[in-house]
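# Report on the structure
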Amino acid sequence: PALMHGYKFIKCKFIGTGNTAFAHLNFLKADVVLMTTPGLDVYQLKRSKLVKHYAHVLHAPSDAVMYKLFGLDYFDSVLLSGDYQSKDIRTIESIRGIKEKQLVTVGCTYLDVYEEKLKHLEHSEKPFTVLVSPTWGACGLLSRYGEKLLDPLSKTKFNIIIRPHPQSKKSEAAVLEKLRTRYKDNSNIIWDYESENINSLAKADIMISDYSGIIYDYTFLCDKPVIYVNQGIDLRPYDADDLGENAIDNLWQFLTLKKIGIELKEEYFNSIERVIIDAADSNSLKEERKKAKEEAWQYQGEAAKKITDFMIQTQTNLQEEAMS
């Protein structure tokens, strides 16, 4: 869509894939580069000598240290969705002895956009709908449990939307193909591969997930209950592992998930219909969702302006430094 928009002051360009894309990125020339992609200067994605300032904007309102190792280390600034994210970034910087980055809380651009889109979606009568929306990889719900959960879920009276993480199509294609084949004749199961998750979020009456950041999209935008599978995530590939052996007990997103979600243990998979029916909303869950939203999605509706102001101010500072 960006390529077709016809912006007056923005030039949109498709830079290719693989090494072609990395070569383009590694020789960028700019005062300020703003990226949602982490891992700068870690593998193929290098800092260009012709760029003065690299800024990273978080692409989920969850813990900033849940990127793969060194995900944020070599940026000059990080734009946060909530103040709480700064504490762990500072701890990692101290542990690794690296330069402190500029941390600025700006809110969350895509949640601002989705909130507006939700207002204009048609709301028609529909059967009770369950959205299964996990993260990807070995610890993700589909890889770890697959048919163990989906078999009993497919036999319920509910509509089921399965929305794999976009990375799943690349990293666990065989898992998806096996499951799609297994449930190809189930009329109550729909697979969602749309680039935006907003339509599925709007249709769902309840979500089943693991530790995916989409939980917070659903919670903050739709204010409905979440059931989660606690699958014992291995933090070793993530920045959070450097926070110590008890890191998982202290990370905001896991502490919050226990407050806003309803845990589903494997021994109850075969009773999933009853679990869903019993997962009635409560005032305490609603209150915890409200609190989490206020902590992780600050400056609601203002993110685009705050990010733009930050970039303009950063460029102004760079120009003043060059002249001094």
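Attention in this report is confined to the structure presented alongside it. (Residues numbered from 1 in each chain as written. Predicted model: local features only at pLDDT ≥ 70, side-chain atom pairs only at ≥ 80, totals over all residues. Heavy atoms only, no water.)

## Here's the deal with unusual backbone geometry
Of all residues except glycine, most have a negative phi; of all peptide bonds, most are trans. What counts is decided by this rule: Numbering of helices and strands runs from the N terminus, with a helix taken as a DSSP run of H or I at least four residues long and a strand as a DSSP run of E at least two residues long.
Positive phi is not limited to glycine here, since F70 has a value of about 65 degrees. Counting through the fold element by element, F70 comes out in the loop between β2 (51-57) and β3 (77-80). Here D223, not a glycine, exhibits a phi torsion of approximately 55 degrees, which is positive. Structurally, D223 is set in the loop between α9 (214-222) and β9 (226-228).

## Overview of empty space enclosed by the protein
For the record, the criterion: Residues are called lining when one of their atoms sits within 4 Å of a cavity or pocket point, these points coming from a 1 Å grid over the protein atoms alone, where a cavity is a set in which a 1.4 Å probe fits but cannot get out and a pocket is an open set with protein on both sides within 12 Å along at least five of seven lines. Grid points are joined across faces, edges and corners, and a volume is the space filled by probe spheres set on the points.
Scanning all chains against the criterion turns up one cavity of 30 Å³ or more. The calculated volume of the largest cavity comes to roughly 60 Å³. Lining the largest cavity are A64, V65, L72, D73, I89, I92, E93, K101 and D239.

## Digging into the packing of helix α5 (residues 147-154) against helix α7 (residues 173-182)
The line we're drawing: Simply put, an axis is a line fit to the C-alpha atoms, just over the touching stretch for a helix, and the angle between two N-to-C directions goes from 0 to 180 degrees. Relative orientations are named as follows: roughly parallel for angles under 35 degrees, roughly antiparallel for angles over 145 degrees, roughly perpendicular for angles from 65 to 115 degrees, and oblique for any other angle. In this scheme, a crossing is called left-handed if the near helix is turned counterclockwise away from the far one by less than a right angle; it is called right-handed if the turn is clockwise. What makes two residues a contact is simply this: any of their non-hydrogen atoms within 4.5 Å. In this classification, the charged set is Asp, Glu, Lys and Arg, the nonpolar set is Ala, Val, Leu, Ile, Met, Phe, Trp, Tyr, Cys and Pro, and all remaining amino acids, among them Gly, are polar.
Between α5 and α7, the least distance of the axes is 12 Å, while the angle of their chain directions is 25 degrees. The pairing of α5 with α7 is recorded here as roughly parallel in orientation. The handedness of the crossing between α5 and α7 comes out as right-handed. Where α5 approaches α7, its residues E147, L150 and D151 are matched on the opposing element by K178, L179 and R182. When grouped by side-chain class, the residues that make up the contact of α5 with α7 number two nonpolar, no polar and four charged.

## Concerning the sheet that holds strand β10 (residues 261-263)
Two orientations exist for strands paired in a sheet by backbone hydrogen bonds: parallel and antiparallel. Our working rule: Any two strands between which DSSP finds at least two bridges are classified as paired.
Read from one edge to the other, the open sheet built from six strands follows the order β7-β6-β5-β8-β9-β10, with strand pairing classed as parallel. At either margin of the open sheet sits one strand with a lone partner, and together these are β7 (189-191) and β10. The mean inter-strand angle of the sheet, taken between neighbouring strand axes irrespective of direction, is 25 degrees. When strand β5 (residues 129-132) meets strand β8 (residues 206-209), the two strands line up parallel, connected through three bridges. The partner of V130 across the bridge, within β8, is I206. Relative to β10, helix α11 (residues 252-260) is tilted by about 85 degrees, and along the sheet it contacts β9 and β10.

## Notes on the pairing of β2
Note the following rule: Burial classes follow relative accessibility: with a 1.4 Å probe on protein chains only, a residue under 20% of its type's maximum area counts as buried, one over 50% as exposed, and anything between as partly exposed.
Of all seven residues that make up β2, six are buried, and the element is covered over most of its length. Of the pairings in the sheet, the one linking strand β1 (residues 30-35) to β2 comprises five bridges and is parallel in character. Bridge pairing links V32 to H53 in β2. Relative to β3, β2 runs parallel, the two being bridged by three bridges. Note on β3: the bridge partner recorded for A55 is S77.

## Details of the sheet that holds β1
The strand order across the open sheet built from four strands is β1-β2-β3-β4, with neighbouring strands paired in parallel fashion. The open sheet is flanked by β1 and β4 (102-105), the only strands paired with a single partner. The average angle at which neighbouring strand axes cross in this sheet is 20 degrees, direction not considered. Relative to β3, helix α2 (residues 85-96) is tilted by about 155 degrees, and along the sheet it contacts β3 and β4. On top of the sheet, helix α14 (residues 303-323) reaches β1, β2, β3 and β4; it is set at about 150 degrees to β1, its chief contact.

## Looking at the nonpolar core
Cut-off, in case you're wondering: We define the nonpolar core as a collection of buried residues of types Ala, Val, Leu, Ile, Met, Phe, Trp, Tyr and Cys that are connected through side-chain atoms lying within 4.5 Å of one another.
Core analysis: the biggest nonpolar cluster contains 27 residues, and L201, M207, F220 and L221 have the highest contact counts within it. For this core, the secondary-structure elements that each account for two or more residues are α3 (109-120), α8 (198-203), α9, β9, α11 and α13 (283-296). Examining the composition of this core, we find that seven residues originate from one element, α9, more than from any other. Residues in contact with M207, not counting those within four places in the same chain, are L131, S133, L201, I214, I215, Y218, P225, V226 and I227. Within the second largest apolar cluster, 26 residues are counted, among which are V132, I208, V229 and F269.

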